[in-house]
Amino acid sequence: MNLGSITQAMNEPERYELDAPPQYHFELDRRHFFKMLGGGVAVFLVLKPLRAFPQSGARSGEGFSRFQRQLPQNLGAWLHIAPDGAVTVYTGKAEMGQNIRTSLSQAVAGELRAPLGSVTLVMADTELTPWDMGTFGSRTTPQMGTQLRRVASVARDVLVRMAAERWNVPVESLAAADGHIMNRQNGQTLAYAELAQASALAKAIIEDDPLTPATEWTVAGESVAKIDGREFVTGEHKYSPDMSAPGMLYGKILRPASFGATLKSIDLSGAKAMPGVVAVRDGDFVGVAAPSEQEAERALAFIHAAWNTAPQISDRELFSYFKQNTEEGNSQGWEGRTSHEMGSVTSGLAKAAHRLKQTYTAAYIAHAPLETRAALAEWKDGSVTVWTGTQRPFGVQGDVANAFQMALDRVRVIVPDTGAAYGGKHTGECAVEAARLAKAAGRPVKLVWTREEEFAWAYFRPAGVIEISSGIDRDGTLTAWEFQNFNSGSAGIMTPYEVPNQKIEFHPCKQVLRQGSYRCLAATANNFARECHMDDLARQAAMDPLEFRRKNLNDERLLAVLGAATKQFGWGRSPKRTGHGFGLACGTEKSGYVATCAEIAADRASGMVRVIRVAVAFDCGAIVNPDGLKNQIQGAQMMGLGGALFEAIRFGNGRILNGQFSSYRVPRFSDMPEIEVVLLDRKDQPSAGAGESPIMGIAPAVRNAIMDATGTALFSLPLVPDGLKA
């Protein structure tokens, strides 16, 4: 396992939410991992010191040092084989619909040589699972998958040695398969369960144990049914909002009049007079807990509050604001701008036969998960347990501990399977709010944010401005590339194209709305601008967009996905119809390589743009679960369509103006194109994550197809929020 890669996902500056100040700090008085597992075989992991690793899109040595930290050396028990043969695996990763429970179980079962059905994952519980940075950055498969494979490999070796000692035979004469150890000489077998019954054994391991190569995988590498799939489909599965506790109350929070507003005066008497209602004011925090959600809503309506507010800009002024309000120094705790320069852009532009300068913009958009934030909190004996949907259980544990000024070991965070997050559930405000109400009530309190709260009080994908100046020779060879990103971030900012003279910079800006991680981070905006610009350069050179990219690419894996996607799509072979256009885009991010082709239909009279067909080729190294990977890629295309075509947060004077699904449009079933997926299974390469990178090709491919169909060049995301204007 490359431990340095753990920090890659943390080091991108658009993860503002991870360094934001606490939402709450309550004025309260300041007032294990190891469990008795019983008999069997337990495996622990000892790690080497963490090395520095650069953030995505930056050159070596440009990483943010504040996250070049030392991980705990002993991360606790990872795997336990019980005397009945049950294999329990512990991981701090969370299941949010990406089906990682299945693929991680496959990785363990394959390396352990055990039936898939014998493996159970305990996930995202700060009391039971080893510390984990969080479920984000497409790190689960490459980092946690590799880690659990290594643990399983050592457990298998331990079992083989135990059998060799029992039979007094050489280890080399034994083989592990299907939960048994077999003696090759006489066919005798021992079940893992029998060996686990014999003795209790804890084995500490170092990370260098050899792993089974992907070419020899059996369980991993195959499409298997989703673990607990029936419960998900039938509605029996319990998510965060489904949690309950005896004597539970329901919470509601009084939200400020606008972003940044402070409380001027408050009258809680009306709410406190209601039977069974607890009303709390702690600083600017105001909330109620009641026997039902309806009573909590009524109690909130009886609270009279006045707020101090200040004038704020609207979305119409946003992009000029960014250009005028850069923070090149230490912004939000980050080291400032990212800067890369090679050769001379001035010289490259002077030599160019064709030059192009263009500005691209991307709006704030919401994560809009089906499941809004939810938490159930319960206090006992000065400790609190919170059940909540989050990508960072240990981060939320810290948020709660900090808010209540208490030790970490007195806070337990348990993450039920969560109905999506997309980078939007890194912070613990809902957990803190539920815990504060539960402390005041002396009873468990469940808090479920409304859709309006989710739209207004969660954080957004950063908006941004991107300026590109470029030049090409007469034969279409890139000579100069200058890329300036304001605010949206540096993920995926480096160009994969060969260009001798380049200058690439990211400029952090003063924040307008609360912003933070979103699926694929700024790689979506950066790839949109770059791939739109590449198409427009191809037109200047009078070249086919595919051939123009091939001429300026030297990356074998990126060329391979381009070839696979265009072949599947039939690039250059499909007959042209009036109002129809074809577009393509490609890119690489987080060790994933993607190429996307799109066909659109545009109607000038109505302004309607419809995406008809999409073909995506993806290379993320060795594939663990092909069907699961296809689902991730298809989901990324569906989600990406929203940001490409119509998703944008509208705001003014500190308020969200379209904070409901009736006014904030996400893709609907009627918007779905035919999606064809081509998987490049590179068993010669380590497995990379797939939850993020596939999304970044759809927006530029659709934009380029619109250009092909109509001749209209669009430069802003979303492309057609109100339809295609004449």
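So, a few notes on the structure that sits alongside this text. These figures come from a predicted structure and were not determined experimentally. (Residues numbered from 1 in each chain as written. Predicted model: local features only at pLDDT ≥ 70, side-chain atom pairs only at ≥ 80, totals over all residues. Heavy atoms only, no water.)

1. Notes on the side chain of D315
Tracing the sequence through the fold places D315 in the loop between β13 (304-308) and α7 (318-324). From its side chain, D315 meets the backbone nitrogen of F651 in a polar contact 2.9 Å long. Non-local contacts of D315, meaning those with residues more than four positions away in its chain, are made with I649, R650 and F651. (Helix = DSSP H or I, 4+ residues; strand = E, 2+ residues; numbered from the N terminus. Polar contact = N/O pair within 3.5 Å; in protein donor to acceptor, adjacent residues only side chain to side chain. Contact = heavy atoms within 4.5 Å.)

2. Here's the deal with the environment of G570
Topologically, G570 is positioned in the loop between α14 (556-569) and β23 (580-589). For the pair G570 and C597, spaced 27 residues apart in sequence, the C-alpha separation works out to 9.4 Å.

3. Description of the packing of helix α9 (residues 393-404) against helix α10 (residues 429-441)
The packing of two helices is summarised by the inter-axis angle and the distance between the axes. Where α9 contacts α10, the two axes come as close as 9 Å, and the packing angle between them is 45°. As summarised for this structure, α9 and α10 are arranged oblique, according to the angle between their axes. Seen along the crossing, α9 lies across α10 with a hand that is right-handed. When α9 is examined against α10, the residues V396, D399, V400, A403 and F404 are found in contact with a partner set consisting of A431, V432, A435, R436 and K439. Of the residues contributing to the contact of α9 with α10, the split by class is seven nonpolar, no polar and three charged. (Axes fitted to C-alpha atoms, helices over the stretch in contact; angles between N-to-C directions. Parallel < 35°, antiparallel > 145°, perpendicular 65-115°, else oblique. Left-handed = near helix turned anticlockwise from the far one by under 90°. Nonpolar A, V, L, I, M, F, W, Y, C, P; charged D, E, K, R; others polar.)

4. A short note on the packing of aromatic side chains
Considering all chains together, one arrives at 13 aromatic pairs under this definition. The ring of F232 is capped by K226, whose NZ or CZ atom sits 4.7 Å from the centre of that ring. (Phe/Tyr/Trp six-rings, centres within 6.5 Å; stacked < 30°, edge-to-face > 60°. Lys NZ or Arg CZ within 6 Å of the ring centre and 35° of its normal.)

5. Quick look at α9
The end-to-end C-alpha distance of α9, which contains twelve residues, comes to 17 Å, matching closely the 16 Å that a straight helix rising 1.5 Å per residue would cover. Among all positions of α9, only P393, F394, G395, V396, Q397, V400, A401, A403 and F404 are buried. Of the surrounding secondary structure, the elements contacted by the buried residues of α9 are β16 (374-380), β17 (383-388), β18 (411-414) and α10. Following α9 by one or two positions, Q405 adopts a phi angle in the positive range, close to 55°. (Expected span 1.5 Å × (residues − 1). Buried < 20%, exposed > 50% of the residue type's maximum accessible area, 1.4 Å probe, protein only.)

6. Digging into the pattern of salt bridges
Two side chains with opposite charge may pair up if their charged atoms get near one another. The tally for this structure, following the rule as stated, stands at 36 salt bridges. Where K323 meets E467, a salt bridge forms, and the shortest distance between an N and an O atom there is 2.6 Å. With K323 in helix α7 and E467 in strand β20 (residues 464-472), this residue pair connects regions lying 144 residues apart in the sequence. For K576, the salt bridge identified is with D708, shortest N-O distance 3.4 Å. One end of the pair, K576, is in the loop between α14 and β23; the other, D708, is in helix α16 (residues 698-710), with 132 residues separating them in the sequence. Note on D708: relative accessible area 27%, which makes it partly exposed. Salt bridges sharing common partners tie together E556, R557, D619, R682 and D684. (Salt bridge = Lys/Arg side-chain N within 4 Å of Asp/Glu carboxyl O.)

7. A word on the sheet that holds strand β6 (residues 180-183)
The strand order across the open sheet formed by three strands is β5-β6-β7, and the pairing between neighbours is antiparallel. For this open sheet the edge positions go to β5 (174-177) and β7 (189-191), each flanked by a neighbour on one side alone. Each neighbouring strand pair of the sheet contributes to a mean axis angle of 20°, computed without reference to strand direction. One ladder, built from four bridges, connects β5 with β6; its direction is antiparallel. Paired with A175 across the bridge in β6 is M182. (Pairing = 2+ DSSP bridges.)

8. Some details on the packing of helix α1 (residues 100-112) against helix α2 (residues 140-167)
At a minimum axis separation of 7 Å, α1 and α2 run at an interaxial angle of 30°. Taken together, the axis directions place α1 and α2 in an arrangement best described as roughly parallel. Crossing handedness for the pair α1 and α2: right-handed. Here α1 contributes I100, L104, A107, V108, E111 and L112 to the contact with α2, which in turn contributes T140, T141, M144, G145, L148, R149, A152, S153, A155, R156 and L159. Taken together, the residues of the contact of α1 with α2 break down into ten nonpolar, four polar and three charged.

9. Structural notes on the pairing of strand β15 (residues 354-362)
Where β15 lies against β20, nine bridges are found, and the strand directions are antiparallel. Paired with Q358 across the strands is I468, a residue of β20. Alignment of β15 against strand β29 (residues 716-717), held across two bridges, turns out to be parallel. Considered in β29, the bridge of A362 is made with L717.

10. A word on the nonpolar core
In terms of nonpolar packing, the biggest core is built from 108 residues, with Y364, W481, L513, I649 and V702 touching the most fellow members. Per element, the largest residue contribution to this core is eight residues, and it comes from helix α12 (residues 523-540). Discounting residues that sit within four places of it in the chain, I649 has contacts with D315, Y364, I365, A366, F455, F460, L513, I656, N658 and Y664. Counting 72 residues, the second-largest nonpolar core is a separate cluster that includes M123, V151, I181 and W379. (Core = buried A, V, L, I, M, F, W, Y, C linked by side-chain atoms within 4.5 Å.)

11. Things to note about the sheet that holds β20
Whenever strands of a sheet pair, they do so through backbone hydrogen bonds, lying parallel or antiparallel. In space, the six strands of this open sheet follow the order β14-β22-β21-β20-β15-β29, with mixed pairing throughout. The open sheet has two free edges, formed respectively by β14 (338-342) and β29, since each of these has just one partner strand. Along the sheet, α12 contacts β15, β20, β21 (478-486) and β29; its crossing angle with β15, the most-contacted strand, is approximately 150°.

12. A look at the state of the cysteines
Each disulfide is one covalent bond, formed between the sulfur atoms of two cysteines. On inspection of all chains with the given rule, the structure shows zero disulfides. As a non-bridged cysteine, C597 has C586 as the owner of its nearest cysteine sulfur, 9.6 Å distant. Given the relative accessible area of 1%, C597 is considered buried. (Disulfide = S-S within 2.5 Å.)

13. Description of the environment of Y250
Position of Y250 among the secondary structure elements: in strand β9 (residues 249-253). With a relative accessible area of 23%, Y250 lands in the partly exposed category. It is 8.6 Å that separates the C-alpha atoms of Y250 and P444, two residues lying 194 residues apart in sequence. Setting aside chain neighbours within four positions, we find Y250 in contact with V288, A289, A290, P291, S292, E293, A296, V445 and K446.

14. Focus: α12
Between its terminal C-alpha atoms α12 stretches 25 Å, which fits the 26 Å expected from 18 residues at 1.5 Å a residue. One or two residues past the end of α12 sits A542, with phi positive at roughly 55°.

15. Remarks on the environment of P291
With respect to the element layout, P291 can be found in the loop between β12 (285-290) and α6 (293-301). Accessibility expressed as a relative area gives 39% for P291, which makes it partly exposed. Placed 15 residues apart in sequence, P291 and G276 show a C-alpha to C-alpha distance of 6.5 Å. Contact partners of P291, with chain neighbours within four places excluded, come to L249, Y250 and G276.

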